[in-house]
Amino acid sequence: MIRKATLKDIDSIMPITKACARFMIAKNIFQWNEHYPNRIAFENDVKRDELYVLDIENTVIGCIVISTFMDDEYVPIQWLTPNENNIYIHRLAIHPKHQGKGYAQLLMDYAEKFTIENNYTSIRLDTFSQNTRNQKFYELRGYQKLGHIFFPKQSEYPFYCYELIL
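Let us look at the structure shown here. If you're wondering where the values come from, they're calculated on a predicted model, not measured in any experiment. One numbering rule holds for all chains: residues counted from 1, following each sequence as written. A pLDDT threshold of at least 70 governs which residues receive local features in this predicted model, and a stricter bar of 80 or more applies before side-chain atom pairs are shown or counted, although totals over entire chains, interfaces and linings include all residues. The side-chain values count all of the structure's non-hydrogen atoms but skip hydrogen atoms and water molecules.

**Let's talk about the sheet that holds strand β4 (residues 86-94)**
Consideration 1: Two strands qualify as a pair provided DSSP detects at least 2 bridges between them. Secondary structure elements are defined from DSSP: runs of H or I of at least 4 residues count as helices, runs of E of at least 2 residues count as strands, and each element is numbered from the N terminus. Here we have 7 strands laid out as an open sheet, ordered β1-β2-β3-β4-β5-β7-β6, and mixed in their pairing. The outermost strands of the open sheet, each flanked by one partner alone, are β1 (2-4) and β6 (144-149). Between one strand and the next, the sheet's axes are offset by a mean angle of 30°, whatever the strand orientation.
Consideration 2: Bridging between strand β2 (residues 51-56) and strand β3 (residues 59-67) involves 6 bridges; their strand directions are antiparallel. Across the sheet, residue isoleucine 56 finds its bridge partner in β3, namely threonine 59.
Consideration 3: Whether two residues touch is decided by their heavy atoms; if any such pair falls within 4.5 Å, the residues are in contact. Inter-axis angles, ranging from 0 to 180 degrees, are taken between N-to-C directions of lines fitted to C-alpha atoms, where helices are fitted over the stretch in contact. Against the sheet, helix α4 (residues 132-140) contacts β4, β5 (122-128), β6 and β7 (159-165), and its axis sits at roughly 160° relative to β5.

Given below as structure tokens:
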């Protein structure tokens, strides 16, 4: 079941994102670290009503942020649509022991349905340039790679920006 997260859910989300970070680092993918994602980011997501969790049998195993807020880092990107009616996906995470079972697809299906039902034009997101698994995941869903940005606190490598018009 996918539902809106509460502040209480952050206690379940933080170990998931830490496990994901360790899992990626073990594969030499330095996308998440001690700086990101952090509790403050998730608290802000909850306050904006933009954080959702995947709850299986009363256990949170994943999360996704479905936001209307465009980060300043995205401004230089030549998007496919105007910057006025878009959804931004952040912090998609599935605990590593539950990965490979279609749960990330389920969360993205939910985000795409939300976008269509609420009359948004497109979904935008970024993923780490060194994470080819994520790139393939989004490209197979029809997302187009449009450019790259940097998050210096996360990595010296770029993050690729993607958009899907719905």
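**Notes on the pattern of salt bridges**
Consideration 1: A pair is scored as a salt bridge if a Lys or Arg side-chain nitrogen falls within 4 Å of a carboxyl oxygen belonging to Asp or Glu. In this structure the tally under the stated criterion is 11 salt bridges.
Consideration 2: Where glutamate 112 meets arginine 141, a salt bridge forms, and the shortest distance between an N and an O atom there is 2.9 Å. Separated by 29 residues along the polypeptide, glutamate 112 in helix α3 (residues 103-117) and arginine 141 in the loop between α4 and β6 bring together distant segments of the chain. Of the two residues, glutamate 112 and arginine 141, both sit in the buried class.
Consideration 3: In this structure, glutamate 117 and lysine 113 form a salt bridge, with 3.7 Å as the shortest nitrogen-oxygen distance. Separated by 4 residues within a single helix, glutamate 117 and lysine 113 lie in helix α3, roughly one turn from each other. Across the pair, lysine 113 and glutamate 117 agree in class, each one exposed.
Consideration 4: Residues participating in the shared-partner salt-bridge network are Asp45, Arg48, Glu50 and Arg91. Burial here depends on accessible area, computed with a 1.4 Å probe over protein chains only, as a share of the maximum for the residue type. Under 20% is buried, over 50% is exposed, and the range in between is partly exposed.

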